[in-house]
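Remarks on the overall topology
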Amino acid sequence: MSVSGSERSAEGNRKKRVVIVGGGTAGWMTASYLTAAFGDRVDLTVVESAQIGTIGVGEATFSDIRHFFEFLRLEESDWMPECNATYKLAVRFENWREPGHHFYHPFEQMSSVDGFPLSDWWLRNPTTSRFDKDSFVMTSLCDAGVSPRYLDGSLIDQDFVEQERDDDSARSTIAEYQGAQFPYAYHFEAHLLAKYLTGYATRRGTRHIVDNVVDVALDERGWISHVRTEEHGDLEADLFVDCTGFRGLLLNKALGEPFVSYQDTLPNDSAVALQVPLDMEREPIRPCTTATAQEAGWIWTIPLISRVGTGYVYASDYTTPEQAERVLRDFVGPAAADVPANHIKMRIGRSRRSWVNNCVGVGLSSGFVEPLESTGIFFIHHAIEQIVKYFPSGGAGDDRLRELYNRSVGHVMDGVREFLVLHYRSAKRADNQYWKDTKTRTVPDSLAERIEFWKHKVPDAETVYPYYHGLPPYSYNCILLGMGGIDVNYSPALDWANEKAALAEFERIRVKAEKLVQELPTQNEYFAAMRAGR
Ligand SMILES: Cc1cc2nc3c(=O)[nH]c(=O)nc-3n(C[C@H](O)[C@H](O)[C@H](O)COP(=O)(O)OP(=O)(O)OC[C@H]3O[C@@H](n4cnc5c(N)ncnc54)[C@H](O)[C@@H]3O)c2cc1C
Ligand SMILES: N[C@H](Cc1c[nH]c2cc(Cl)ccc12)C(=O)O
């Protein structure tokens, strides 16, 4: 049955009611974005429990998140100080290859010379032992601990400033900027961002209810008719957004949508986290997330203003919570002595469909992979953009819109899963059962075949996971060449090619890095100036 434009717009003109259950990062990011997208043409309510806490450990992000803040028309100086935010130029991997080794996965597109990526040229003739340092400027900036902005606020890479549109009414999305690599992302306290966005959304008309949802009622079609709260009665809506975290109260529990576990390929299912005070007068704020390999997983180190978020992500099949906490406390040292530990059980995988009938899960209810490449908030941001893109009309075409949404969200999570599995499979480290098993465990179907290709031709757009999943081919190059456990070869054609231009490109990178390290302020200096109002 087809629906005419006029029928659709009549239905579409009715004010849509959206109820978001859950007030963590997912709930408030969704509320803020929908407010920014639709204004008061959509009636929004967020209901969150005062008793059930949120996940917030000190999070790192993708660089794409800048489009979220831009969509809300927020400047860094508005929200960063409120969320103890710092810059992230890369992920630094320590000890994944062998003790004492480190490499970076930076926010910087890898150059190509004569049609071949720099990784190919580097494999043909490694200038030094550091692929990441030879091929990316950001690596040196991370080692030097500098900010990607000068003290006057200008950005290292003016190209991005020039790309920004003059037209104030247009706002960008992730999809529009694919291919253009912005040079940094952020570290921030997700619970502070949720608090900041509570103010943003409620000032723009979002209703905020603090109460427990105690029942989810379905109508005869199996759609949600209302959620029942303890003290605020029943909340009806056209669309319910499940932001209840790992509980999946609406999507999984009430609607019964199955959860597809990734545990067979990504066994890390637990974490223990600490918030460690940081003396900003004495200690540098590193401009990167650090992921340090451990006996049964890895430890994240996320530098924030005045503190460091840290935690051990581990597989409960290989160690216990008590041992994990001991390892983490030893790693941090005396600074963690009086800090309480937060033990978290993680649900790894995704809901088979994230959008079912009139309920869409966003955040941990939709899916989660371990935080190795900081993808949780990216999943949320991507999901919200897709909700707007496929927003239902209430008409017959909605089934198709939901299907497209579910495909897009499913591909993002499945693609990220492949990327993360590659980290473990390609890590050279194999010094205990945990690390030995990473070499023999099943990998997602087509990854095994891709790895066989990559041994002979470094990853490019033709050979990585074929659907959009946020990660460009150069990221795969960084991981493969950095982890060192899979032998990759340069393209044979390079034996007959002239490498002069490639050598000049390596030299350009070296000179640019040296200059920037001299010129840029440290993160400590930059944020001291930002907080003083510059
Ligand atoms: C160990 C760990 C490390 C992470 N690190 C990163 C990182 O570095 N980068 C990144 O991008 N992401 C990271 N994440 C993911 C990120 O923290 C989450 O994606 C993000 O915080 C969103 O969580 P959420 O809002 O979906 O769920 P939650 O924070 O769990 O919020 C759930 C909300 O639902 C409410 N709720 C639940 N049940 C009810 C009920 N019955 N009635 C009313 N309200 C209810 C709760 O009160 C709460 O407000 C990490 C996650 C974990 C576990
Ligand atoms: N969408 C990209 C994803 C991306 C590109 N480079 C990196 C580096 C790191 Cl450490 C994480 C993600 C990405 C983006 O966010 O820019």
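Note that the coordinates shown come from a computational prediction; the quantities given were computed from them, not determined experimentally.

Taken in spatial order, the three strands line up as β15-β21-β24 in an open sheet, and their pairing is antiparallel. Each end of this open sheet is capped by a strand with a single partner; those strands are β15 (259-261) and β24 (367-368). Here strand β21 (residues 349-351) pairs with β24 via two bridges, running antiparallel. When the bridges of β24 are listed, Arg350 appears paired with Gly367.

Moving on to the nonpolar core. Formed by 145 residues in total, the largest nonpolar core has its most connected members in Val21, Leu89, Met138, Phe240 and Leu250. Top element by residues in this core is helix α13 (residues 398-426). It accounts for ten residues.

Moving on to the domain arrangement of the protein chain. Here the protein chain is partitioned into domain 1 (15-89 + 170-267 + 347-391), domain 2 (108-147 + 426-533) and domain 3 (269-345). Taken together, the 19 residues of domain 1 in the interface contact 22 residues of domain 3. When contributions to the side of domain 1 that touches domain 3 are tallied by element, the ones reaching two or more residues are β4 (86-88) and β9 (185-188). With three residues, β4 is the single largest residue contributor to the side of domain 1 that touches domain 3. The residue inventory of the side of domain 1 that touches domain 3, partitioned by class, reads ten nonpolar, six polar and three charged.

What follows deals with the site of ligand 2. In the vicinity of ligand 2 lie 15 residues, with Phe62, Ser63, Asp64, Val91 and His105 positioned nearest. Its residues placed into classes, the shell around ligand 2 shows eight nonpolar, five polar and two charged. Summarising the domain contributions, the shell around ligand 2 has at least three residues from each of domain 1 (15-89 + 170-267 + 347-391) and domain 2 (108-147 + 426-533).

The next subject is the UniProt feature "active site" (unreviewed entry) in the protein chain. Here, the residues flagged by UniProt with the feature "active site" (unreviewed entry) are Lys88. Looking at the secondary structure, you find Lys88 in strand β4. When the 26 C-beta atoms within 10 Å are taken as the criterion, Lys88 is described as buried. Leaving out residues up to four positions away in the same chain, Lys88 has contacts with Ala60, Tyr184, Ala185, Tyr186, His187, Pro287, Cys288 and Thr289.

This part covers the environment of Leu118. Its place among the elements puts Leu118 in helix α5 (residues 118-124). Separated by 18 residues in sequence, Leu118 and Phe136 place their C-alpha atoms 9.7 Å apart. If we ignore the near neighbours within four places in the chain, the residues touching Leu118 are Met110, Ser111, Ser112, Val113, Ser135 and Glu505.

Close contacts around ligand 1 come from 38 residues, with Gly22, Gly24, Gly245, Gly363 and Gly376 the closest. Listed by contribution, the elements that provide at least two residues to the shell around ligand 1 are α2 (25-38), β2 (42-48), β3 (59-60), β16 (270-277) and α12 (376-389). For the shell around ligand 1, a count of residues per class yields 19 nonpolar, 16 polar and three charged. Split by domain, the residues of the shell around ligand 1 number at least three in each of domain 1 (15-89 + 170-267 + 347-391) and domain 3 (269-345).

What follows deals with the packing of α13 against helix α16 (residues 473-483). Close contact between α13 and α16 brings their axes to 9 Å; oriented N to C, the two are set at 15 degrees. As the angle between them shows, α13 and α16 are arranged roughly parallel. The two elements α13 and α16 meet at a crossing, and its hand is right-handed. Note on element contacts: α16 touches α13 through Tyr476, Ile479, Leu480 and Met483, opposite Leu422, His423 and Ser426. Tallied by class, residues from the contact of α13 with α16 come to five nonpolar, two polar and no charged.

Quick look at helix α18 (residues 523-531) now. Buried within α18 are the following residues: Gln523, Asn524, Tyr526 and Phe527. Down the axis, α18 shows its buried residues gathered within 165 degrees of arc, on one side only. Packed against the buried residues of α18 are β4. Following α18 by one or two positions, Gly533 has its phi on the positive side, about 85 degrees.

With numbering matched to this structure, UniProt assigns "binding site: L-tryptophan" (unreviewed entry) to Glu373. Tracing the backbone through its elements, the reader meets Glu373 in the loop between β24 and α12. Residue classification places Glu373 among the buried positions, given that 22 C-beta atoms sit within 10 Å. In contact with Glu373, not counting residues within four places along its chain, are Val91, Phe419 and Leu420.

Here the focus is the sheet that holds strand β5 (residues 90-94). Spatially, the seven strands line up as an open sheet ordered β6-β5-β17-β18-β19-β16-β20, and their pairing is mixed. Taken across any chain shown, the strands that pair with only one partner, and hence form the sheet edges, are β6 (102-106) and β20 (342-345). Across the sheet, the axes of successive neighbouring strands diverge by a mean angle of 20 degrees, strand direction being ignored. The pairing of β16 with strand β19 (residues 307-314) spans eight bridges and is classified as antiparallel. Paired with Ala273 across the bridge in β19 is Gly311.

Where α2 meets helix α9 (residues 190-203), the axes come as close as 8 Å, and the angle between the chain directions of the two elements is 30 degrees. α2 and α9 meet at a crossing whose hand is left-handed. Of the residues in α9, those touching α2 at Thr25, Trp28, Met29, Ala31, Ser32 and Thr35 are Ala190, Leu193, Ala194, Leu197, Thr198, Tyr200 and Ala201. Taken together, the residues of the contact of α2 with α9 sort by class into nine nonpolar, four polar and no charged.

Parameters and conventions
The numbers attached to residues start from 1 for each chain and follow its sequence in the written order. For naming, the first written chain is A and the first written ligand is 1, with later ones following in the order written. Where local features are concerned, this predicted model is filtered to residues with pLDDT of at least 70; where side-chain atom pairs are given and counted, the filter is 80 or more; whole-chain, interface and lining totals use all residues. By this definition, two strands are paired if DSSP reports at least two bridges between them. The secondary structure listing takes helices from DSSP runs of H or I that are at least 4 residues long and strands from runs of E that are at least 2 residues long, numbered from the N terminus. We define a nonpolar core as a collection of buried residues of the types Ala, Val, Leu, Ile, Met, Phe, Trp, Tyr and Cys that are connected via C-beta atoms lying within 7 Å of each other. Neighbour density around each residue's C-beta defines its exposure: 20 or more other C-beta atoms within 10 Å make it buried, 12 or fewer make it exposed, and counts between make it partly exposed, where C-beta atoms are placed from the backbone. Per the annotation, domain bounds derive from an automatic or database assignment of domains. Contact between two residues is assigned whenever their backbone-derived C-beta positions fall within 7 Å. Any residue that is not Ala, Val, Leu, Ile, Met, Phe, Trp, Tyr, Cys, Pro, Asp, Glu, Lys or Arg is counted as polar, Gly included; the first ten are nonpolar and the last four charged. Nearness rests on one distance test: the residue's C-beta atom, set from the backbone, must lie within 6 Å of the molecule or strand. UniProt positions are given in the numbering used here, feature names are shortened, and annotations may be inferred rather than shown by experiment. For helices, the axis comes from a line fit to the C-alpha atoms of the stretch in contact; other axes are also lines fit to C-alpha atoms, and the angle between any two N-to-C directions lies between 0 and 180 degrees. For classification purposes, angles smaller than 35 degrees are called roughly parallel, those larger than 145 roughly antiparallel, those between 65 and 115 roughly perpendicular, and all remaining angles oblique. Should the near helix be turned anticlockwise from the far one by less than a right angle, the crossing is left-handed, and should it be turned clockwise, the crossing is right-handed. To be clear, the arc concerns the directions from the helix axis to the C-beta atoms.

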